[in-house]
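Notes for the structure review
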Amino acid sequence: MSSLAALAAEAESREPFVRFLERQWSRQALWQAASAAAPGLAALDLPDERPLGMLLPNLPSTVTALLACWLAGRPVAPVDGRRSMGALHDWSRRLQPAAIITLDLASVFERARALAAARGDCPLIVLPMSAELSLFKRIITPWLRGGGAAKRPDGMEIHRWPDLAKRSSAPTEARLEVRLEDGSHWTPAARDWQPGQVGLLACPLSQPAALEALLGAWCGGGSLVLSPRLDTKALIKVRKAVRLDLEVA
């Protein structure tokens, strides 16, 4: 059974799979969101041979975006957005992404915008940060009321992630394909995971260890705790707030 088929086999589970702040997402919810966006991704007029870049922190929507790319039959190339701009430009020249999936949070969006502007033929696909938060958090979070949300630049092709569900395409062949930051192809290998185990992702989803944990926890009955910030202070805070069985770094 392929890794994507193994993911599909567990896609109806309503048990919590991803935990972020005070919210939880099941495999079913993530799979349904990915399935809704996949036809829209496939319908975009993008070169088939080039991967979809992904400059996103560790968020539930990052998991959705990975699944959607695979269900759309598109190779995905995630990158650690904490890298220097010089390293990110090197990554962009090496992988030549057909588009970059990013976030409307200004600190993330501006980095993706700079990469797209340098390429000239690389549109952005933008996820809303507000989708990760409860209604209460949306009201009290300062960046949503102030300058933290990115402004749409003029003269740049941008697709809003929520709009993808409104598009349709011909059926595509789903495939699980990841291009690592060095351009090599990742070979899926789910790590062992015990049912009920809770793991903290302490490394970005661009790294093989995190991708293997995603597959292992999904297929093994475990769950993942996500923190968009991976600095020592942020991880200590998460460790204190959640009971963890293991940590992926």
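Everything in this summary refers to the structure shown in the same document. Each chain has its residues counted from 1, running along the sequence as written. Totals for whole chains, interfaces and linings use every residue, but because this is a predicted model, local features are given only for residues with pLDDT of at least 70 and side-chain atom pairs only at 80 or more, for both listing and counting. To obtain the side-chain values, all non-hydrogen atoms of the structure were used and water was disregarded.

What follows concerns the overall build of the protein chain. Counting from the N terminus, the helices are the DSSP runs of H or I reaching at least four residues and the strands are the DSSP runs of E reaching at least two. Assigned secondary structure in the protein chain consists of 10 helices and 10 strands. For the radius of gyration, the atom set is restricted to C-alpha positions; the globular benchmark scales as 2.2 Å times the number of residues to the power 0.38. What you see for the protein chain is a C-alpha radius of gyration of 17 Å, in line with the 18 Å of a compact globule of 249 residues. In terms of overall dimensions, the protein chain has C-alpha extents of about 45 × 45 × 35 Å along its principal axes. Taking all 249 residues of the protein chain together, 51% fall into the buried category. By the convention used here, residues are in contact when the closest approach between their heavy atoms is within 4.5 Å. Restricting to contacts in the protein chain with at least 6 residues of sequence separation, those with at least 24 account for 75%. For the exposure calls, accessible area comes from a 1.4 Å probe over protein chains only, and a residue counts as buried if that area is under 20% of its type's maximum, exposed if over 50%, partly exposed in between.

This paragraph deals with the nonpolar core. In terms of nonpolar packing, the biggest core is built from 76 residues, with Leu7, Leu41, Leu67, Trp70, Ile101, Leu124 and Trp161 touching the most fellow members. If we ignore the near neighbours within four places in the chain, the residues touching leucine 41 are Leu52, Ala68, Cys69, Ala72, Ile125, Trp161 and Leu164. By size, the runner-up hydrophobic cluster in this structure holds 7 residues, among which are Val198, Val225, Leu235 and Val238. What is meant by a nonpolar core is a set of buried Ala, Val, Leu, Ile, Met, Phe, Trp, Tyr and Cys residues, joined one to another through side-chain atoms within 4.5 Å.

Ring geometry is summarised as follows: Phe, Tyr and Trp rings, the Trp one being its six-membered ring, pair when their centres sit within 6.5 Å, and such pairs are stacked at plane angles under 30 degrees, edge-to-face over 60 and tilted between the two. Summed over the entire model, instances satisfying the criterion amount to 2 aromatic pairs. Where tryptophan 31 meets tryptophan 218, the ring centres are 6.1 Å apart and the plane angle is 50 degrees; that geometry is what we call tilted. Here tryptophan 31 is found in helix 2 (residues 27-43), whereas its partner tryptophan 218 is found in helix 9 (residues 208-220), with 187 residues between them in sequence. Given a relative accessible area of 13%, tryptophan 31 falls into the buried group. A relative accessible area of 1% places tryptophan 218 in the buried class. Counting every residue linked through ring pairs, the aromatic cluster contains Phe17, Trp31 and Trp218.

Our focus in this paragraph is the sheet that holds strand 5 (residues 99-103). Here a strand pair is declared whenever DSSP counts at least two bridges between the two strands. On the basis of which strands lie adjacent, the open sheet formed by 5 strands has the order 4-3-5-6-7 and parallel pairing. If you trace the sheet from one side to the other, it starts and ends with strand 4 (76-78) and strand 7 (158-160), each paired once. Each strand axis lies, on average, 25 degrees off the axis of its neighbour in the sheet, ignoring direction. Whenever a helix is involved, its axis is fitted only over the stretch in contact; in every case the axis is a line through C-alpha atoms, and angles between N-to-C directions fall within 0 to 180 degrees. Taken strand by strand, helix 3 (residues 60-71) contacts strand 3 (52-54), strand 4, strand 5 and strand 6 (124-127), and its axis lies near 170 degrees from that of strand 3. Contacting strand 5, strand 6 and strand 7, helix 5 (residues 106-119) runs over the sheet at an angle of about 165 degrees to strand 5.

Turning next to the sheet that holds strand 2 (residues 23-26). The 5 strands lie next to each other as 2-1-9-8-10, forming an open sheet whose pairing is mixed. Taken across any chain shown, the strands that pair with only one partner, and hence form the sheet edges, are strand 2 and strand 10 (246-248). Strand-to-strand twist of the sheet, defined as the mean angle between neighbouring strand axes without regard to direction, takes the value 25 degrees. Running over the sheet, helix 2 touches strand 1 (16-20) and strand 2 and is turned about 70 degrees from strand 2.

Now for helix 2. Note on helix geometry: an α-helix contains 3.6 residues per turn, so any two residues three or four positions apart are oriented the same way. The end-to-end C-alpha separation of helix 2 is 25 Å, in line with the 24 Å expected for 17 residues at 1.5 Å each. Listed in full, the buried residues belonging to helix 2 are Arg27, Gln28, Leu30, Trp31, Ala34, Ala37, Ala38, Gly40 and Leu41. Helix span, as expected, comes to 1.5 Å for every residue beyond the first.

What follows concerns helix 9. The first and last C-alpha atoms of helix 9 sit 17 Å apart over 13 residues, in line with the 18 Å expected at 1.5 Å per residue. Taken across its 13 residues, helix 9 has 11 buried, putting it largely inside the fold. Within helix 9 the residues assigned to the buried category are Ala209, Ala210, Leu211, Glu212, Ala213, Leu214, Leu215, Gly216, Ala217, Trp218 and Gly220. After helix 9 finishes, the residue glycine 221 shows a positive phi value of roughly 80 degrees.

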